[in-house]
Amino acid sequence: MRFMARSVLVSGGCGFIGSHIVDRLLLRGDLAELVVVDNLWTGSRSNLAHVKDARLRVEVQDVENFTSAHRFDEIIHLASPASPPWYMRDPARTIRANVVGALNLLGLLKPGGRFSFASTSEVYGDPAVSPQPESYRGAVDCTGPRSSYDESKRCTEALLFETRRVSGLDVRVARLFNTYGPRMRIDDGRAVSNFIVQALTTGALTVHGDGSQSRSWGYVDDVIEGLERFFWRDRISPAGPVNIGNDIEVPVIEIANYVRSLVPGSRIEYREPAPHDPSNRCPDLTMARQLMPGWRAGTTYQDGIRRTFEWFREQLAAPSVAVEPGPREISRALAG
Ligand code: UDP
């Protein structure tokens, strides 16, 4: 079989989702070159430390400033913080990474090349319908505390679909629902990683509000399988946007209680609700199932959390993590 050797760029390839995508890309026989652009704001070099593959090159810089002498056959744009405390901390930088990053990367794509983008269920805001189909236009506060993330994902979707309309750009847009698993930062701040790290350090799991708000928690391997199939493996022609995630909705308090059950003596501490916290989130996966027959995010939250728990336990036991930052500093930051 004859391959066209492909040159691929992944922005955010040192991040949680990005590093798992890099692992999958490196399994491709038609991959000639893989350039990762990452400024290590929320990503980490350690996420790719296991990779010994001469096709991979990591460029540590902001995606919006990256330049290249040659163009790429495929670009996968993932560079962005995804955890509320991180993106709320520097909203302008969040918008630059998503929107200006996409504008810059579009100029680095070969004519006829493919541009894939990880959008988010946050485009639905605090949804008034459940589950959310891709056709639902959402309820987003465009000046609220989550807006730098929500609106920059929405704007990038607009940029890509409008470029497709006027010039035929080959795009793939996936809307990811809550995803968790190994390689999240210890200080990521999202629910599953927070609860696990808190259970293993202070013993106090911080539940915002009364914990009745719900999410659909997708284990990373399932989500990456969907992304791989949609972005390149299944040779899918519809551009999306397509929801990717787990469609079993579970309240935050149930997740916290499950993590608590893994560490005897750990307890729940209730905190103020997070700012503009959506009350629910659940993907309608009808389109994903049509596009990728047989794909499902089948890992139960119990299995996924146990795997993630083991991974964090090893991380916290590693000498480098214990020193910088130490669990006490981490838990202080996590406790907010
Ligand atoms: N959450 C919580 N405690 C934490 C972190 C998050 O109760 O330490 C809640 C948060 O308020 C939200 C849900 O868990 O209702 C999911 O939050 P996360 O930050 O993981 O994702 P997102 O809000 O972006 O869906």
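Treat the numbers as computed from the prediction; the structure is a model and nothing was measured.

Before we go on, may I ask you to explain the pattern of salt bridges in this structure?
Oppositely charged side chains can pair when the atoms bearing their charge come close. Under the defined criterion, the tally for this structure stands at 30 salt bridges. Between Arg28 and Asp30 there is a salt bridge, and its shortest N-O distance comes to 2.9 Å. Each member of the pair Arg28 and Asp30 is classed as buried. Across the pair Arg306 and Asp303 runs a salt bridge, and its minimum N-O distance is 2.5 Å. Remark: Asp303 and Arg306 occur in helix α9 (residues 301–317); sequence separation between them is 3 residues, near one turn of the helix. Taken together, the shared-partner salt bridges in this structure form one network comprising Glu122, Arg146, Arg215, Asp277 and Arg281.

Just to check I follow, could you spell out unusual backbone geometry for this structure?
Outside of glycine, negative phi angles account for most residues, and trans bonds account for most peptide bonds. Between Ser130 and Pro131 the backbone carries a cis peptide bond, its omega angle lying at -5°. Here Pro131 shows up in the loop between β5 (109–120) and α4 (147–167). The omega angle of the peptide bond from Gly240 to Pro241 is 0°, so this bond is cis rather than trans. With respect to the helices, strands and loops of the structure, Pro241 is situated in the loop between α6 (220–233) and β11 (242–244). In this structure, Leu40 takes a positive phi of about 60° despite not being glycine. Position of Leu40 among the secondary structure elements: in the loop between β2 (31–37) and β3 (56–59).

Would you mind showing me how to read the side chain of Ser83 here?
Among the secondary structure elements, Ser83 is positioned in the loop between β4 (72–77) and α2 (84–89). By relative accessible area, which is 2% here, Ser83 ends up buried. Among residues more than four places away in sequence, those in contact with Ser83 are Asp188, Gly189 and Arg190.

Whenever I open this one, the sheet that holds β11 confuses me. Can you help?
Across a sheet, paired strands are connected by hydrogen bonds in the backbone, their directions being either parallel or antiparallel. Spatially, β3-β2-β1-β4-β5-β6-β11 is the arrangement adopted by the 7 strands of the open sheet, whose pairing is parallel. The open sheet has two edge strands, β3 and β11, and neither has a second partner. The mean inter-strand angle of the sheet, taken between neighbouring strand axes irrespective of direction, is 20°. As paired elements, strand β1 (residues 6–11) and β2 share 6 bridges and run parallel to each other. When the bridges of β2 are listed, Arg6 appears paired with Leu31. This element, helix α1 (residues 16–25), spans β1, β2, β3, β4 and β6 (170–176) of the sheet and lies at about 170° to β2.

Quick question: what am I supposed to make of the confidence of the model for the protein here?
Interpreting fine coordinate detail is not advised for predicted regions of low pLDDT. Per-residue pLDDT for the protein has a mean of 94; in total, 94% of the residues score no lower than 70. When the criterion is pLDDT under 50, residues 322–336 qualifies, and its contacts beyond four places in sequence or with other chains add up to 18 contacts.

Would you mind going over the nonpolar core with me for this structure?
Membership of the largest hydrophobic core comes to 62 residues, with the highest contact counts inside it found for Ile17, Ile21, Leu34, Leu227, Phe230, Ile244 and Ile305. When residues of this core are assigned to their parent elements, the largest contribution, 7 residues, is made by α6. Not counting residues up to four positions away in its chain, the partners in contact with Ile21 are Ile76, Leu78, Ile224, Leu227 and Trp232. Counting residues in each nonpolar core, the second largest holds 21 residues, with Leu9, Val35, Val63 and Val173 among its members.

Help me understand α1 in this model?
Burial runs high along α1: 8 of the 10 residues are buried. Listing the buried residues of α1 in full gives Phe16, Ile17, Gly18, Ser19, His20, Ile21, Val22 and Leu25.

Can you help me understand the packing of aromatic side chains in this one?
Aromatic rings considered in pairs are described by the distance between their centres and by the relative angle of their planes. All told, the structure shown has 7 aromatic pairs when counted by the stated rule. With a centroid separation of 5.7 Å and 65° between ring planes, the pair formed by Tyr180 and Tyr219 is classed as edge-to-face. Pair noted here: Tyr180 is in strand β7 (residues 179–180) and Tyr219 is in strand β10 (residues 218–219), with a separation of 39 residues, a long-range link. This pair shows no difference in class: Tyr180 is buried, exactly as Tyr219 is. An angle of 85° between the planes, with centres 5.7 Å apart, marks the rings of Tyr258 and Tyr301 as edge-to-face. Of this pair, Tyr258 sits in helix α7 (residues 252–262) while Tyr301 sits in helix α9, and the two are 43 residues apart along the sequence. The exposure class of Tyr301 is buried, given its relative accessible area of 14%.

Teacher, can you tell me more about the packing of helix α3 (residues 91–106) against α4 here?
Taken N-terminus to C-terminus, the directions of α3 and α4 make an angle of 10°; their axes are 8 Å apart at the nearest point. Judged on the interaxial angle alone, α4 and α3 are roughly parallel. In this structure, the crossing between α3 and α4 has a hand that is right-handed. Residue-level inspection shows Pro91, Thr94, Ile95, Asn98, Val99, Ala102, Leu103 and Leu106 of α3 in contact with α4, the latter providing Ser148, Tyr149, Ser152, Lys153, Cys155, Thr156, Leu159, Leu160 and Thr163.

Can you walk me through the packing of α1 against α6 in this structure?
Angle between the axes and distance between the axes are the two parameters that describe a pair of packed helices. Direction vectors running N to C along α1 and α6 enclose 60°, while the axes themselves pass 10 Å from each other. In terms of their interaxial angle, α1 and α6 are classed as oblique. α1 and α6 meet at a crossing whose hand is right-handed. Only Val220, Asp221, Ile224, Glu225, Leu227, Glu228 and Trp232 of α6 make contact with α1, whose side of the interface consists of Phe16, Ile17, His20, Ile21, Arg24 and Leu25. Looking at side-chain class alone, the contact of α1 with α6 contains 8 nonpolar, 1 polar and 4 charged residues.

Conventions we followed
Residues numbered from 1 in each chain as written. Predicted model: local features only at pLDDT ≥ 70, side-chain atom pairs only at ≥ 80, totals over all residues. Heavy atoms only, no water. Salt bridge = Lys/Arg side-chain N within 4 Å of Asp/Glu carboxyl O. Buried < 20%, exposed > 50% of the residue type's maximum accessible area, 1.4 Å probe, protein only. Helix = DSSP H or I, 4+ residues; strand = E, 2+ residues; numbered from the N terminus. Contact = heavy atoms within 4.5 Å. Pairing = 2+ DSSP bridges. Axes fitted to C-alpha atoms, helices over the stretch in contact; angles between N-to-C directions. pLDDT = per-residue confidence, 0-100. Core = buried A, V, L, I, M, F, W, Y, C linked by side-chain atoms within 4.5 Å. Phe/Tyr/Trp six-rings, centres within 6.5 Å; stacked < 30°, edge-to-face > 60°. Parallel < 35°, antiparallel > 145°, perpendicular 65-115°, else oblique. Left-handed = near helix turned anticlockwise from the far one by under 90°. Nonpolar A, V, L, I, M, F, W, Y, C, P; charged D, E, K, R; others polar.

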